[in-house]
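What the coordinates show
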Amino acid sequence: MDQLMRPLCLLVATLFAATASLAAEPASMDDLFLESQAGSDTAADAAGPTGADTPAGAGGLDALFEEPVPGGPDTQEAAATSAWTGFFQSEAAYTVGSPQHWSKLRNRLYLSSTGRSLSLPWKVSFRVDYDPLYHFGHQYPESVRKDQRFEAQIRETYVDIPAGDLEFRVGRQHIIWGEMVGLFFADVVSAKDLRELALPDFELIRIPQWAVRGEYFNGDFHAEAVWIPYMTYNDIGKPGAEFYPFAPPAGTRIGSEHKPRGTDDDAAGVRLSYLWSGWDLSGFYYTSRDGSPAFAKASPTVWELRHPRIHQFGATLGKDLGSFLVKAEAVYSLDKPFNTLDPLDADGLVDQDILDAIVGLEWHFPEDTRFNAQLYQRRFADHDPNIVPKSVESGFSVLFSTKALHPDLESEILFISSLERDDWSTQARLTWRFDGSWRLAF
């Protein structure tokens with residue numbers, strides 16, 4: 001017990017996750033959140049009438065500074081470039097499993113600026129991460145240390161081109177077609193940083209895509225078309241990392257990852273939405289190279305990472321029913337590769353057609369108290385008996401958060417569990433916003 005408590009006490013004495021917003025003018029964190037919800041294309045695209053749900057601990061960091069450029073026709077030309085805004089965040093983590101060790105001392109800086117040139121709104125943003133643990137520590141392989149010690153990333157950087165009922169956005173951008181609490185379903189366009197699975201804020205997990213997006217608005221109808229000529233793929237890290245998703249059998253190793261980016265490796269999709277009697281309904285089609293790699297046998301001793309093309313059809317709905325909110329998403333994926341246990345299979349992969357569906361209910365109570373419950377399921381259209389998942393896989397999640405203890409103190413817990421096996425996850429967080437620009441999370 002002493003061996004366990006000593007590093008935990010040291011961790012409590014450390015900064016954990018202190019986040020300072022570096023706003024040009026003093027503003028409370030709550031004000032920034034309200035501005036992001038009012039002006040963020042991300043929030044509007046994601047949720048319809050129910051708002052954009054976030055997982056346990058989501059702080060809205062990447063959306064904090066998605067501020068609209070102020071002004072009408074008389075001030076558009078005069079709108080100057082906004083001051084740089086952003087945040088700095090430090091995170092520390094300690095792994096209590098054997099062997100015990102520090103697993104994260106990450107420092108993150110995010111900056112963004114918006115403006116208008118030639119009557120066209122634009123945004124520029126970037127993020128820099130540095131973790132000295134992976135620079136000086138030696139508990140991880142060199143490839144992992146190199147991958148996670150430093151990273152500079154262009155975030156949302158785009159220009160908007162209005163054309164009557166049409167609007168075009170060109171550049172690096174978030175395209176969110178669905179969002180549930182703690183889980184990804186209809187959010188098929190976004191690339192994701194999965195080096196810590198789904199534990200960080202979703203705004204930090206998502207990686208923008210280089211895309212051309214066109215939108216059409218007509219009353220309650222909204223149409224959207226997306227073309228991604230140069231795909232960004234999910235980042236799963238390197239073999240030997242804390243959350244690497246594949247353990248090769250004994251006597252084999254993991255080889256290279258091939259990320260196709262030729263003329264035939266683009267992605268494209270169409271999404272149609274309609275607001276009917278308060279129900280926000282949408283349907284979409286999207287085709288791309290699979291964002292997450294499939295582990296295929298390149299030889300008897302080497303596995304390689306492949307991104308085959310898949311096709312996805314999806315639908316979402318959401319409605320505010322007064323006392324509670326309801327949201328649901330369903331995605332049918334064709335030719336999704338899965339690893340097979342059949343030793344005679346040449347590449348160790350079989351293509352499967354799967355239906356993923358989720359429905360969630362959410363209640364809001366006084367003192368910012370929130371309760372969310374979700375039930376999800378995956379069904380295989382023609383289940384191959386040699387793959388690990390069953391023909392039907394189900395699970396559920398429960399989220400509870402409240403500020404009942406103190407207006408500046410938010411406690412939150414998210415529990416996700418399979419109904420088919422002993423797989424579960426518990427994420428608990430206590431966040432203290434002790435002034436307008438700082439927060440501390442445990």
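The shown structure was predicted, so the numbers you read here are calculated from the model rather than taken from an experiment. (Residues numbered from 1 in each chain as written. Predicted model: local features only at pLDDT ≥ 70, side-chain atom pairs only at ≥ 80, totals over all residues. Heavy atoms only, no water.)

Now for the pairing of strand S19 (residues 325-339). Judged from the 10 bridges that link them, strand S18 (residues 309-320) and S19 form a sheet pairing that is antiparallel. By the bridge assignment for S19, Lys 319 is matched with Val 326. Hairpin connection between S18 and S19: a loop of four residues separates the two successive antiparallel strands, and Gly 322 in this loop has a positive phi of roughly 90 degrees. Examined bridge by bridge, S19 and strand S20 (residues 349-365) share 13 bridges and lie antiparallel to one another. Across the sheet, Asn 339 pairs through a bridge with Leu 349, a residue of S20. (Pairing = 2+ DSSP bridges. Helix = DSSP H or I, 4+ residues; strand = E, 2+ residues; numbered from the N terminus.)

Moving on, we come to the pattern of salt bridges. For the coordinates displayed, the defined rule picks out 29 salt bridges. A salt bridge links Arg 271 to Glu 224; the nearest nitrogen and oxygen atoms lie 3.9 Å apart. Separated by 47 residues along the polypeptide, Arg 271 in strand S14 (residues 267-276) and Glu 224 in strand S12 (residues 221-230) bring together distant segments of the chain. Note on accessibility: Arg 271 and Glu 224 belong to one class, buried. Residues Asp 265 and Arg 289 are paired through a salt bridge, measuring 2.7 Å at the closest nitrogen-oxygen approach. Remark: Arg 289 occurs in strand S15 (residues 279-289) and Asp 265 occurs in the loop between strand S13 (253-257) and S14; sequence separation between them is 24 residues. Each of the salt bridges in this network shares a partner with another, and the network as a whole consists of Asp 147, Glu 151, Asp 193, Arg 195 and Asp 235. (Salt bridge = Lys/Arg side-chain N within 4 Å of Asp/Glu carboxyl O. Buried < 20%, exposed > 50% of the residue type's maximum accessible area, 1.4 Å probe, protein only.)

That bond from Ser 98 to Pro 99 is cis: its omega, -5 degrees, falls within 30 degrees of zero. Position of Pro 99 among the secondary structure elements: in the loop between strand S2 (85-95) and strand S3 (101-117).

What follows deals with the pairing of strand S22 (residues 392-406). Pairing of strand S21 (residues 369-380) with S22 involves 10 bridges; the strand directions are antiparallel. Paired with Arg 370 across the two strands is Ser 401, which belongs to S22. One ladder, built from nine bridges, connects S22 with strand S23 (residues 409-418); its direction is antiparallel. Each residue of the ladder has a partner; that of Leu 399, found in S23, is Leu 414. Here S22 hands over to S23 after two residues, the two strands then running antiparallel side by side.

Right, let's talk about empty space enclosed by the protein for a bit. Under the criterion given, the structure shown has four cavities of 30 Å³ or more. Roughly 180 Å³ of volume is contained in the largest cavity. Along the walls of the largest cavity sit 18 residues, with Arg 106, Arg 108, Asp 193, Arg 195 and Glu 196 positioned nearest its centre. If you list the elements that add at least two residues to the lining of the largest cavity, you get S3, strand S4 (120-130), helix H5 (142-149), strand S5 (150-154), strand S9 (195-198) and helix H6 (202-205). (1 Å grid on protein atoms, 1.4 Å probe; cavity = no way out; pocket = protein on both sides within 12 Å on 5 of 7 lines; lining within 4 Å. Points joined across faces, edges and corners; volume = space filled by probe spheres on them.)

Pairing is mixed across the open sheet formed by three strands, whose spatial order is S13-S17-S16. Both edges of this open sheet fall to S13 and strand S16 (294-299), since each of them pairs with a single strand only. Taken over all neighbouring pairs, the strand axes of this sheet differ in orientation by 40 degrees on average, direction set aside. Where S13 lies against strand S17 (residues 302-306), three bridges are found, and the strand directions are parallel. Paired with Ile 254 across the strands is Trp 303, a residue of S17. (Axes fitted to C-alpha atoms, helices over the stretch in contact; angles between N-to-C directions.)

With that settled, the discussion passes to the nonpolar core. Counting 14 residues, the largest nonpolar core has Trp 177, Val 188, Val 189, Ile 228, Phe 284 and Tyr 286 as its most contacted members. Counting residues per element, the ones that place at least two in this core are S12 and S15. (Core = buried A, V, L, I, M, F, W, Y, C linked by side-chain atoms within 4.5 Å.)

For the rest of this paragraph, the subject is the confidence of the model for the protein. Here the protein averages 85 in pLDDT, and 82% of its residues register 70 or above. Long-range and interchain partners of residues 1-79, a stretch whose pLDDT sits below 50, account for 186 contacts in this model, where long-range means more than four residues apart. (pLDDT = per-residue confidence, 0-100. Contact = heavy atoms within 4.5 Å.)

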